[in-house]
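Each chain, written out:
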Amino acid sequence: MGYVTWWAVVSSGAAPVLLIGGSTTATVLEGPSYNPVRQTISVLAAGGPSGYWTLTLMLVALGVCHLATACGLRAASLAGRLALGAGGVSAMVLALFPAPKTGGSFSHGTVVAIGFTLLALWPVLASDRRPLAPWGLRPLPSLTATGLMVLGAGWFLTELAVHGAAGVAERVVTVLQSIWPVVVVVSCLRHARRA
């Protein structure tokens, strides 16, 4: 059994492209009324129909990518794979609970919190303590990735509280969460070549 399947290579690489491309496209379609520095990505779904559908399709595709990567990342521990896959399912479920045009939404916020937590914890849960484990699954890189995601969440919550650059903070965290599976997959491929 290999460390990673071919579809996990494709799905992990597609995830950040879909996240960045989908949110950028929705931003352009929304026009100048949307401020990507201060407003979250979720606000794009509350705007016009084109932004809603673009963001909804992006969330579903992103969720499918995380789920496929979790299924194909055989070198990772089962707990980490389950957390990554459940984080993908959370992204798909989030499409069912878009943010309202004004105010907050308990259901939207709950799904976001669950999805973020799962995607932040999966690196630590997937780690492999064996000395010859692929680099991306070793404890120190895994703990560092989770730590950066948690710090990013703190930054995001702070920016939300002070009505600051919440959009920037959210984008940094979500991009990090979508890139880490790529890092792990590439490290598994390199490890397999050496082995």
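Note that the structure is a prediction, hence the values are computed from the model and not measured.

Caption draft 1: Region of interest: the overall build of the chain. Counting its secondary structure elements, the chain contains seven helices and zero strands. Each helix (α) and strand (β) of the chain, taken in turn from the N terminus, gives the series α-α-α-α-α-α-α. Here the chain has a C-alpha radius of gyration of 17 Å; the compact-globule value for 195 residues is 16 Å, and the two agree. Viewed in the frame of its principal axes, the chain has a C-alpha envelope of about 55 × 30 × 25 Å. In the chain, which comprises 195 residues, the proportion classed as buried is 44%. Contacts spanning at least 24 positions in sequence make up 70% of the contacts within the chain whose residues lie at least 6 apart. Surface accessibility of the chain: about 9,700 Å² in total, with carbon and sulfur atoms responsible for 74%.

Caption draft 2: Spatial organisation of the pattern of salt bridges. Overall, the coordinates contain one salt bridge when judged by the stated rule. A salt bridge links R130 to D128; its shortest N-O distance comes to 2.5 Å. Judged by relative accessible area, which is 54%, R130 ranks as exposed.

Caption draft 3: Highlighting the packing of helix α4 (residues 78-94) against helix α5 (residues 106-126). Running from N to C, α4 and α5 point in directions that differ by 160 degrees, and their axes come no closer than 8 Å. Overall, the two elements α4 and α5 adopt an arrangement that is roughly antiparallel. Note that α4 runs across α5; the crossing there is left-handed. Here A79, G80, A83, L84, A86, G87, S90, V93 and L94 of α4 come into contact with α5, specifically with H108, V111, V112, I114, G115, L118, L119, W122, L125 and A126. For the contact of α4 with α5, the residue count by class is 14 nonpolar, five polar and no charged.

Caption draft 4: Molecular detail of the packing of helix α1 (residues 6-30) against helix α3 (residues 49-72). Two numbers describe how α1 lies on α3: the axes approach to 8 Å, and their chain directions differ by 165 degrees. Classified by the angle their axes make, α1 and α3 are roughly antiparallel. Crossing of α1 against α3: the hand is left-handed. A class-by-class count of the residues in the contact of α1 with α3 yields 14 nonpolar, eleven polar and one charged.

Caption draft 5: Main features of the nonpolar core. V4, L73, W122, L137, W180, V184 and C188 are the most contacted members of the largest nonpolar core, which has 19 residues in total. Leave out the neighbours within four places in its chain, and V4 touches V9, G72, L73, R74, V185, C188 and L189.

Caption draft 6: Just α4, in detail. The terminal C-alpha atoms of α4 lie 24 Å apart, and with 17 residues this matches the ideal 24 Å at 1.5 Å per residue to within 8%. Contacts from the buried residues of α4 go to α3, α5 and α7 (166-194).

Caption draft 7: Local environment of the environment of L19. On the secondary structure map, L19 appears in helix α1. A relative accessible area of 6% places L19 in the buried class. Linking L19 and A61, residues 42 residues apart in sequence, is a C-alpha distance of 8.9 Å.

Caption draft 8: Broad picture of a nonpolar patch on the surface. A cluster of nonpolar side chains, V37, W155, V168 and V172, forms an exposed patch at the surface whose accessible area comes to about 300 Å². Relative to the helices and strands, V172 resides in helix α7.

Caption draft 9: Just the side chain of H66, in detail. Within the fold, H66 resides in helix α3. Dropping the residues within four chain positions of it, H66 is found in contact with A15, L84, G85, G88, L119, Q177, S178 and P181.

Caption draft 10: Representation of the packing of aromatic side chains in the model. Applying the stated criterion to the full structure yields three aromatic pairs. With a centroid separation of 6.2 Å and an interplanar angle of 85 degrees, the aromatic rings of W6 and W7 are classed as edge-to-face. Using a relative accessible area of 65% as the deciding quantity, one classes W6 as exposed. Aromatic side chains Y52 and W53 sit 5.0 Å apart centroid to centroid with 80 degrees between the ring planes, which places their arrangement in the edge-to-face category.

Calculation notes
- Residues numbered from 1 in each chain as written.
- Predicted model: local features only at pLDDT ≥ 70, side-chain atom pairs only at ≥ 80, totals over all residues.
- Heavy atoms only, no water.
- Helix = DSSP H or I, 4+ residues; strand = E, 2+ residues; numbered from the N terminus.
- Rg over C-alpha atoms; globule rule 2.2 N^0.38 Å.
- Buried < 20%, exposed > 50% of the residue type's maximum accessible area, 1.4 Å probe, protein only.
- Contact = heavy atoms within 4.5 Å.
- Areas by Shrake-Rupley, 256 points an atom, 1.4 Å probe, with all protein chains shown as cover.
- Salt bridge = Lys/Arg side-chain N within 4 Å of Asp/Glu carboxyl O.
- Axes fitted to C-alpha atoms, helices over the stretch in contact; angles between N-to-C directions.
- Parallel < 35°, antiparallel > 145°, perpendicular 65-115°, else oblique.
- Left-handed = near helix turned anticlockwise from the far one by under 90°.
- Nonpolar A, V, L, I, M, F, W, Y, C, P; charged D, E, K, R; others polar.
- Core = buried A, V, L, I, M, F, W, Y, C linked by side-chain atoms within 4.5 Å.
- Expected span 1.5 Å × (residues − 1).
- Patch = residues over 30% accessible without salt bridge, like charges linked within 9 Å, V, L, I, M, F, W, Y side chains within 5 Å.
- Phe/Tyr/Trp six-rings, centres within 6.5 Å; stacked < 30°, edge-to-face > 60°.

Purely geometric numbers; function is a separate question.
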